[in-house]
Amino acid sequence: MAEKSPAKAAGGQKKARGKKRQKQVIPVAEEEEPVNMESMGHPEIYPLVLTTKTQEIFNCRIDEDVTEEQCYKLIKKEDILEDFRNRAAVSDFYPVKKLVREYPGDEILLVYDKDFKYGLNFYIIGTEEGKENYLNPPEAQEEQEEAKEAVSEDMYTYKPPVSKPWVSLGSEKEIEEESVKQSTKQVTYMISRKRSKFGAPILFSDRNASSVRDSYIECTSYPDKNFTLTQLEQDVGTQVIPEIKGVSTQTKWAFPKNASTQYYPREFSEKEKGKLAQSKELADFLNSVSTSVEIALQQNEIMNTFVDDWKGLAEEEGTFGDKSDTHLKEYQSFTDLHSPMEKMITCIAWHPTIYGLIIVSVAVRLSYEERVHFSGKLLLQPSLILFWSFADPIHPQLMLESPDDIFCFAFCPSDPNIIAGGCINGQIVLWDITAHADRIENIKAGGGRSKKATLKPMFLLEPESNKEAMYIRHCAVSSIESGHKKVITDIHWLSDTFEINRMGSVFENRNGICCQLVTCSADCTICFWDIRPQKTAITQPTEKKKEETIEIPFDVPPTFLHLDLSWKPLSKIRLSKGETSLDHCPTKLSLNEEHVIFKTQDKMLGQDKAVKSTETNPYHDLEAGMSNILKPIDDFCTKFFVGTEEGEVIYTDWKMERDPETGRFVSKKPVNLYTVHDGAIHTVQRSPFYKDIVLTIGGWNVAIWKEDVMTGPLLQTCCAPKRYTSGHWSLTRPGVFYIGREDGYIDIWDLLEKTHEPAQSQNICITMITYIKPWTYSPKQQFIAIADYYGTLHILEIPWTLSHPSLNELSSVHYYFEREVKHLEYVQQRRIIRDQEKKEMERELERKKAKVYIKTKEQMEAELRMEYENYLELEKSVLYSLGLGKVSEKTSYMDVL
């Protein structure tokens, strides 16, 4: 017997510990009230989600044990209680635990909800009365009662009603108030005849009306100005009895007239038809109008003539609906209940080819000091990337193991089965899940692609082989000594249209698949990696190779075996600050060729089985390294945006330049450096509609940049009340982006509505939002995945107003950006003019000062002589006032006065 691997043994211990912890929290779960369908008028119905594991335990497998014809099954209450004792909170019946324990009967009715009438795939009936009504419908009971009545009809004896005195309850007054009474006086006409003529026969005779003047009397209608009729609202009471009413009408006859009309169709004779057929005027007329008639017929075929033009005109105004139409709606949530450690979600990615599959990476919520303290315990806990399916919100479909916690990962655009991730210790990890593609691609029978456009729960990705969560080991990991020294904060695959060499020069990609990655880390470096085998200069002896041979586990694919523990970066870039020895610390980056489209060929799709074979997979036959025969791409833009921990936005170049002093290739200095944000930047993303528009989020504000504009951001928001933690552009509306905050709110910005503040804010959770990732399922339905600090993944449905752009939104947002560019240019010109004016003012002031102080020698002597004489006169006046002066001095003083 083969020994169990340590990973499986550790997994068994974790499961044992998980069960113990679940048994301890059972008393708390008993107090929770199960959720029923009372809002839909069925308080006895309780919806449930039963996974494949639970269906096999209780023998209620879909399309086998329960079908559309036989859609229910009776389950013993004792079996459900035994499942609680075995699986505790993992049991799918755990949400209705209190109901099951208090159920009076021995068997509970479980019904298969194929059409998701109550939102989930199963539901139970929580009362004995409801179970009887479901098993024995009221129609059957009515038939039984009718049969009993037919049997006992002969035994029925008629009992006549007994008259009783009428008791008044005050209804007469109400009837009197509601009765209709005539408000006008009735006109009475009396027609008399002699008594002698009563009963006499009547003789009728013809008379010429025109010969007798008074034989006809005309009574024409006219409006009476003295009479007005006001229509009042009145309540009228009715009784449920047939009412017979006779009505007679008389046609309004304004004036007498005897007339009749007879007509017949006019037709051409054969002679006239022949003459018209040879007529030149008719031929010219038909030739002149034939073109217009053809255009009108074509327009009727192409355009809908019955379309409502008013609705089309009101489309833009209807973009902003009411509050219920613009808020995100909760659709699904995922939480990892199997991990004993408290973890948070660090990165989210929707599967590029399989609908309804979302992948998240989780990391332990510890500070640096706590991580160092618990380093020994963390090694016992596997670091995972979880594959969640909408069909099973509790059990992950796949679990990718890594050496340490993953903080970023990305799918390969050429093959979605290849995944690259960045660890907290600076290593890059590669996974190949081609062998396990059947597990996540299997779609339930009956839930095909036709349900894609509906709004019902469409994700039916519940594979038959999904017994337990599967752990998948990585197939390659980079070298610790040659890679990053700190946590990798961002990772991107380079496009399959180009590749770079060690100096950063761009060449054509000869393989036609993505073979290079770029990463940035907190160790102030940006590295480029190549997954192809490098050329070895010196071959090692065969004996040494035999000694160093390591056996590959059977469950690890050999796709990237040549990279394992020896993978080194192709080139490194350090973002130097210039004069100082310090470097910038990058957190996120955005390349010019970031818009990578996932291939949709049959051989590249995840659903195609041909990609699973090693013969057709292009990553099994990679060529080694770069060669000198590649064609260089000269007009390629090698500049990119980088966000740093200090809140700086850097626009730099990855091409190396030769140092004139040492002759070595070194990184270029940043082209531009902007200090806009007041905290670490966590989002640097290009718009999916404009390749030169970049969104940066960090600290407490947001900025939008244009790649060719170097004077500053197009938009810079003011300080928010709470710190921003994540963000993402909308995938369908050019002017909308979502921002997550540290208090659990999400701000929705709409540049067409407001540019100084968010269009709306909505609370999602009670803790910090760590990641945001929208996804388009169909033209009618879109979702957004929001992760929080407590490890819960919220799936929300985006409303119509936030997912469907208005008629001219793309051009309107483009015009807004162009207008901001012109505004920046105007501000820059005004700044230059103001600087010139300031310099001119300073020069003019210096000239005035120089004019004042430039004097001749004679002017200075005259001023000094004048000051001395004034002093002598003042001295004489002071001495005279004290009685110490002479008469001559007095005379001179009086003269002065």
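Thresholds, definitions, all that
Residues numbered from 1 in each chain as written. Predicted model: local features only at pLDDT ≥ 70, side-chain atom pairs only at ≥ 80, totals over all residues. Heavy atoms only, no water. Helix = DSSP H or I, 4+ residues; strand = E, 2+ residues; numbered from the N terminus. Buried < 20%, exposed > 50% of the residue type's maximum accessible area, 1.4 Å probe, protein only. Areas by Shrake-Rupley, 256 points an atom, 1.4 Å probe, with all protein chains shown as cover. Pairing = 2+ DSSP bridges. Core = buried A, V, L, I, M, F, W, Y, C linked by side-chain atoms within 4.5 Å. Contact = heavy atoms within 4.5 Å. Salt bridge = Lys/Arg side-chain N within 4 Å of Asp/Glu carboxyl O. Axes fitted to C-alpha atoms, helices over the stretch in contact; angles between N-to-C directions. pLDDT = per-residue confidence, 0-100. Disulfide = S-S within 2.5 Å. Phe/Tyr/Trp six-rings, centres within 6.5 Å; stacked < 30°, edge-to-face > 60°. Lys NZ or Arg CZ within 6 Å of the ring centre and 35° of its normal. Patch = residues over 30% accessible without salt bridge, like charges linked within 9 Å, V, L, I, M, F, W, Y side chains within 5 Å. Polar contact = N/O pair within 3.5 Å; in protein donor to acceptor, adjacent residues only side chain to side chain.

Topic: the overall build of the protein
Counting secondary structure elements, the protein contains 20 helices and 37 strands. Taken over 897 residues, the protein has a buried fraction of 37%. For the protein, the exposed surface amounts to about 58,700 Å²; the carbon and sulfur share of it is 54%.

Overview of the pairing of strand β28 (residues 693-698)
Counting buried positions along β28 gives six out of six residues, so the element sits mostly inside the fold. Burial along β28 is two-sided: I693, L695 and I697 facing one way and V694, T696 and G698 facing the other are all buried. In terms of strand pairing, strand β27 (residues 681-686) meets β28 through five bridges, oriented antiparallel. Pairing of R686 across the sheet is with V694, part of β28. Joining the antiparallel neighbours β27 and β28 is a turn of six residues. Bridge analysis of β28 against strand β29 (residues 701-706) gives six bridges, and the strand direction is antiparallel.

As for the nonpolar core
Ranked by internal contacts, the top residues of the largest apolar core, which has 29 residues, are I80, F93, V96 and I124. Elements that contribute at least two residues to this core include exactly β1 (45-48), α4 (77-87), α5 (97-102), β3 (107-112) and β4 (122-125). The dominant element in this core, judged by the number of residues it contributes, is β3, at five residues. Ignoring anything within four residues of it in the chain, the contact list for I80 reads F58, I75, F93, V100 and I108. Counting residues in hydrophobic clusters, the runner-up holds 24 residues, among them I418, L430, V556 and W567.

Things to note about the pattern of salt bridges
For the structure shown, the criterion picks out 22 salt bridges. Taking the shortest distance from any N to any O, the salt bridge between R532 and D530 comes out at 2.7 Å. Taking the relative accessible area as the measure of exposure, R532 reaches 0% and is therefore buried. Where salt bridges share partners, they join R61, E64 and D65 into one cluster.

Concerning the sheet that holds strand β5 (residues 329-335)
Strands sit in the order β5-β37-β36-β35 across an open sheet of four strands; the sheet is antiparallel. The open sheet has two edge strands, β5 and β35 (769-778), and neither has a second partner. Across the sheet, the mean angle from the axis of one strand to that of its neighbour is 20°, orientation sign disregarded. As judged from the six bridges shared by β5 and strand β37 (residues 792-797), these two strands associate in the antiparallel manner. By the bridge assignment, K329 is partnered in β37 with E797.

A word on the confidence of the model for the protein
Of the residues in the protein, 74% reach a pLDDT of 70 or more, and the chain-wide mean stands at 76. For the protein, per-element mean pLDDT is lowest for helix α1 (residues 6-24), which scores 41, and highest for strand β32 (residues 736-741), which scores 94. For residues 1-30, every residue scores under 50 in pLDDT, and the model assigns this stretch 23 contacts once sequence neighbours within four places are set aside. Taken as a whole, residues 315-324 scores under 50 in pLDDT and shows 14 contacts with residues more than four places along the chain or in a different chain.

A word on the state of the cysteines
Here the structure, examined in full by the defined rule, presents zero disulfides. In this structure C412 is not part of a disulfide, and its nearest cysteine sulfur, from C514, lies 4.9 Å away. We classify C412 as buried; its relative accessible area is 0%.

Description of the packing of aromatic side chains
According to the stated counting rule, one finds 25 aromatic pairs in the structure shown. Relative to W654, the ring of F640 lies with its centre 6.1 Å away and its plane at 35°, an arrangement referred to as tilted. Linking F640 in strand β22 (residues 639-644) with W654 in the loop between β23 (648-653) and β24 (656-658), this pair joins segments that are 14 residues apart in sequence. The class of F640 is buried, set by a relative accessible area of 1%. Look at Y816 and F817: their rings are 5.6 Å apart centre to centre, the planes differ by 50°, and that puts the pair in the tilted class. Relative accessible area serves as the criterion here: at 3%, F817 is assigned to the buried category. Taken together through their ring pairs, the aromatic side chains of Y331, F334, W350, Y355, W388, F390, W775, Y777 and F783 make up a single cluster. Taking NZ or CZ as reference, K97 lies 6.0 Å from the ring centre of F84, over its face.

Quick notes on a nonpolar patch on the surface
A surface patch of nonpolar side chains, amounting to about 470 Å² of accessible area, comprises F268, L276, L282, F285 and L286. Examined against the element boundaries, L276 turns out to sit in helix α9 (residues 270-277). Of the residues examined, L276 reaches a relative accessible area of 37% and is grouped as partly exposed.

Some thoughts on the side chain of S590
If you trace the backbone, S590 turns up in strand β21 (residues 586-590). Judged by relative accessible area, S590 falls into the buried class, the value being 0%. Engagement of the side chain of S590 in a polar contact is seen with the side chain of R686, the distance being 3.2 Å. Here S590 is in contact with F640, F641, V684 and R686, once residues within four sequence places are set aside.

Looking at the environment of I681
Mapped onto the elements, I681 comes out in strand β27. Spatially, the C-alpha atom of I681 lies 9.9 Å from that of L589, the residues being 92 residues apart in sequence. Every residue in contact with I681, bar those within four places of it in the chain, is listed here: T587, K588, G643, T644, G647, E648, V649, I697 and G698.

So, the side chain of T683
Within the secondary structure, T683 is located in strand β27. By relative accessible area, which is 7% here, T683 ends up buried. Looking at T683, its side chain comes within polar contact range of the side chain of H682, at 3.0 Å.

Side note on unusual backbone geometry
Even without glycine at this site, C524 takes up a positive phi of about 70°. Turning to its location among the elements, C524 is positioned in the loop between β18 (516-521) and β19 (525-530). In this structure, L565 takes a positive phi of about 65° despite not being glycine. Inspection of the secondary structure assignment puts L565 in the loop between α16 (542-547) and β20 (571-574).

Re the sheet that holds strand β30 (residues 715-716)
Taken in spatial order, the four strands make up an open sheet running β27-β28-β29-β30, and their pairing is antiparallel. A strand with exactly one partner marks an edge of an open sheet, and here the two such strands are β27 and β30.

Some words on the environment of Q782
Along the chain, Q782 falls in strand β36 (residues 781-788). If sequence neighbours within four positions are ignored, Q782 has contacts with T732, W775, T776, Y777, L796, E797, I798 and S803. A distance of 3.4 Å separates a polar atom in the side chain of Q782 from a polar atom in the side chain of T732.

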